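Below, each chain spelled out in residue letters.
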Amino acid sequence: MAEITAGMVKELREKTDAPMMECKKALTEAAGDMAKAEEILRVKLGNKASKAAARVAAEGVVSIHISADGKTGSILEINSETDFVAKNEDFLKLAADAARLVAENNPADVAALSALPLGEGTVESTRSALVGKIGENMSLRRFVRVAAQGKLQSYIHGGAKVGVLIDLVGGDEQLAKDLAMHIAASKPKSLDASGVSAELLDTERRIAIEKARESGKPEAMLEKIAEGTVQKYLKDVTLLGQVFVKAEDGKQTIEQLLKAKGASVASFTLYVVGEGIEKKVTDFAAEVAEQQAAAAAAAAR
């Protein structure tokens, strides 16, 4: 049996916010498999055991550039160490310039973007100079360039912490704005079910079966219960399946709204600053105590 260390328990607790003993039990049951242990906790504790998104702490901004004709655009995330730097004018200019260059030049990746000319040098030399000037690291993390099938619309929220770029075919500008705001608020994972990975659906299905089994449901009903859970999950995480946030009846889905307007969404990109990045949390009191202990030990020598 795999050894369950204190570090493993701590890591699982930080991922899930579940009690320490529950984390240790889950890791033991999963033979040390972190992903399986997280799944076990979700079965036992529900969605309370999945807090990773709420703990994201990386700073930075999302920057969006759209051409004058609305046919070409880009969305880009650039990160900094602190929110203070994320509000710096030079940092924001770098973000805007980088987004524009993505739209205009269609670089293959961050390395290609970094090599593009900017000012008297390149994007990379501009970034490096800014790091030297401010004294804080910053990095171009990711971007998407879109050649629209329809017309592009964007929405930036929360001090540029959330950004949406949407390609709407048909409809009008107000519909595009409403949809972009809806995406920022409801955070769909994909346009429709085809964009949700089979692995993710299998996980939801397994969790539903185990929860139903633990609640005493007959074995013959488990698959049906699981399928119902998966379908509900798809409605929650796909744009077309979600209920429109401005629906007057509280029932109209995005798919129904688009049909009524004779429009369709070709694609959308949602960026949330720092999503998926873990920022090291420092225990200041423990750090001070450690420094004092080290100083005392040095003095004793």
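Residues numbered from 1 in each chain as written. Predicted model: local features only at pLDDT ≥ 70, side-chain atom pairs only at ≥ 80, totals over all residues. Heavy atoms only, no water.

(A) Inspection of the side chain of Asp178 at higher detail. By secondary structure assignment, the location of Asp178 is in helix α8 (residues 173–186). Among the residues examined, Asp178 registers a relative accessible area of 12% and is labelled buried. Looking at Asp178, its side chain comes within polar contact range of the side chain of Lys246, at 3.1 Å. In contact with Asp178, not counting residues within four places along its chain, are Phe244 and Lys246. (Helix = DSSP H or I, 4+ residues; strand = E, 2+ residues; numbered from the N terminus. Buried < 20%, exposed > 50% of the residue type's maximum accessible area, 1.4 Å probe, protein only. Polar contact = N/O pair within 3.5 Å; in protein donor to acceptor, adjacent residues only side chain to side chain. Contact = heavy atoms within 4.5 Å.)

(B) Broad picture of the confidence of the model for the protein chain. Considering every residue of the protein chain, the mean pLDDT works out to 87; 87% of them sit at 70 or more. The least confident element of the protein chain, judged by mean pLDDT, is helix α12 (residues 284–300) at 58; the most confident is strand β7 (residues 162–169) at 98. Segment residues 49–57: pLDDT under 50, and 23 contacts once partners within four positions in sequence are set aside and those in other chains are kept. (pLDDT = per-residue confidence, 0-100.)

(C) Looking closely at the pairing of β7. In terms of residue burial, β7 counts as a mostly covered element, since 7 of its 8 residues are buried. In this structure, strand β6 (residues 151–157) lies alongside β7, joined through 7 bridges in antiparallel fashion. Within the sheet, the bridge partner assigned to His157 lies in β7 and is Val162. The turn joining β6 and β7, which pair antiparallel and follow one another in sequence, is formed by 4 residues; a positive phi near 65° is taken by Gly158. Bridge analysis of β7 against strand β8 (residues 264–272) gives 8 bridges, and the strand direction is antiparallel. Looking across to β8, one finds that Val162 is bridged to Val272. (Pairing = 2+ DSSP bridges.)

(D) Just the packing of aromatic side chains, in detail. By the definition in use, this model includes 0 aromatic pairs. Its guanidinium or amino end placed over the ring of Tyr271, Arg142 lies 4.0 Å from that ring's centre, counting from NZ or CZ. (Phe/Tyr/Trp six-rings, centres within 6.5 Å; stacked < 30°, edge-to-face > 60°. Lys NZ or Arg CZ within 6 Å of the ring centre and 35° of its normal.)

(E) Broad picture of the pattern of salt bridges. For the structure on display, the rule yields 20 salt bridges. The residue Lys161 makes a salt bridge to Glu59 at a minimum N-O spacing of 3.3 Å. Separated by 102 residues along the polypeptide, Lys161 in the loop between β6 and β7 and Glu59 in strand β1 (residues 59–66) bring together distant segments of the chain. Judged by its relative accessible area of 19%, Glu59 is buried. Several salt bridges converge on common partners, so that one network encompasses Glu59, Asp83, Lys87 and Lys161. (Salt bridge = Lys/Arg side-chain N within 4 Å of Asp/Glu carboxyl O.)

(F) Local environment of helix α7 (residues 123–134). Spanning 12 residues, α7 covers 16 Å between terminal C-alpha atoms, matching the ideal 16 Å at 1.5 Å per step. Where α7 is concerned, the buried positions are Val123, Arg127 and Leu130. Along the axis of α7, the buried residues cluster in a sector spanning 65°; they form a single face. In α7, those exposed residues whose orientation departs by more than 90 degrees from the buried face are Ala129, Gly132 and Lys133. One side-chain oxygen of the residue at the start of α7 lies 3.3 Å from the amide nitrogen of Glu124, identifying that residue as Thr122. Of the residues trailing α7, Gly135 is marked for its positive phi of about 80°. (Expected span 1.5 Å × (residues − 1). Arc of directions from axis to C-beta.)

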